[in-house]
Amino acid sequence: MNEVQVLAESEQAAFISDLVKSYPASMAKPRVAGFSARSGSSIINLDDIQAVVDGPNVIGMFDGMSRRNKRIALNTYRFAEIMATNKYPAKHQIEQRFQFLISVLTAMKWTKVVQVSKAYEKKTQSLTMANVAVDIISGVVKGVAGGIGIPSLVADTLGSLKQDEKALNLFNRSVEKDQGRRFGVASCAQDKEGSVNMAVAAVNYSKEPGKDGGVLFVEWKSSEVDVYQDTAYLVIHEEDYPGTRETTVNAYLDELDERAFQAILASK
């Protein structure tokens, strides 16, 4: 089930506006943390940031991406993932959730190049979800122009997460609250023409997290866990992203991030 409904331009704008009305930022759960300290007016320092934890999702960005392209990639993915989770929150709705995520991204002018949904083919007697994520992303970008280096970015991003106790704890808590059976990965790179290439994956698995809440780095026997993958490869250029939609999405996430920051201050 890889068909994503293509909406007309006016329908896309209305679609994004209706989502904001249906799931207002005032009701959403604050859940973002960069792998770096807060700087300036945003909870995320776009000048220095290379990776972000957003709930049960990890977003990585290549060195060399412009500040604007980082913001476009990060905010469109976060917005789409939040809306998809609100629309289809149940465990049995994994495919519908991913399809909706792609629908929201395409409504913000991402072009879908490849999409794959299938059971993950286990190749070793043991596995970690971090290695599974790298393998899944490698598969979806294989042979696609602009995808070179993205699998290594995933590996580096997850490796950095393992070393950042605060961000890793947030990720583990988010997975646990989400009933511990799925997480998302997005990795972005900017090509010579200034377009952003993004691989996204939703990894769904049959086994509960480790006793410490860990998911990514726990080693499991392949025979004891089933994995289902939803993956896609998309491209966007900043000139194609409509200004009104960008303003709507950024305002939504700015409100959400400010609530997160205020919650951090209140807890100190």
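Please refer to the structure placed before this passage.
Below: a short report on this structure. (Residues numbered from 1 in each chain as written. Predicted model: local features only at pLDDT ≥ 70, side-chain atom pairs only at ≥ 80, totals over all residues. Heavy atoms only, no water.)

## Quick notes on the overall build of the chain
Okay, step 1: Helix and strand content of the chain: 7 helices and 9 strands.
Okay, step 2: Burial status across the chain gives 52% buried among its 268 residues.
Okay, step 3: Surface summary for the chain: the accessible area is close to 12500 Å², and the carbon and sulfur share equals 50%. (Helix = DSSP H or I, 4+ residues; strand = E, 2+ residues; numbered from the N terminus. Buried < 20%, exposed > 50% of the residue type's maximum accessible area, 1.4 Å probe, protein only. Areas by Shrake-Rupley, 256 points an atom, 1.4 Å probe, with all protein chains shown as cover.)

## A short note on the pairing of strand β6 (residues 182–190)
Okay, step 1: Among the 9 residues in β6, 8 count as buried, and that is most of the element.
Okay, step 2: Here 5 bridges tie strand β3 (residues 57–61) to β6, and the two strands are oriented parallel to one another. Looking at β6, one finds that V58 is bridged to V185.
Okay, step 3: Counted between consecutive antiparallel strands, the loop separating β6 from strand β7 (residues 196–205) contains 5 residues, among which G194 sits at a positive phi close to 90 degrees. (Pairing = 2+ DSSP bridges.)

## Quick look at the packing of aromatic side chains
Okay, step 1: Tallied over the full model, the rule gives 6 aromatic pairs.
Okay, step 2: Taking 6.2 Å as the distance between ring centres and 50 degrees as the angle between the ring planes, the aromatic pair formed by F183 and Y205 counts as tilted. Within this pair, whereas F183 is found in strand β6, its partner Y205 is found in strand β7, the two being separated by 22 residues in sequence. Considered together, F183 and Y205 belong to a single accessibility category, that of buried residues. (Phe/Tyr/Trp six-rings, centres within 6.5 Å; stacked < 30°, edge-to-face > 60°.)

Function cannot be inferred from these measures alone, as they are strictly geometric.
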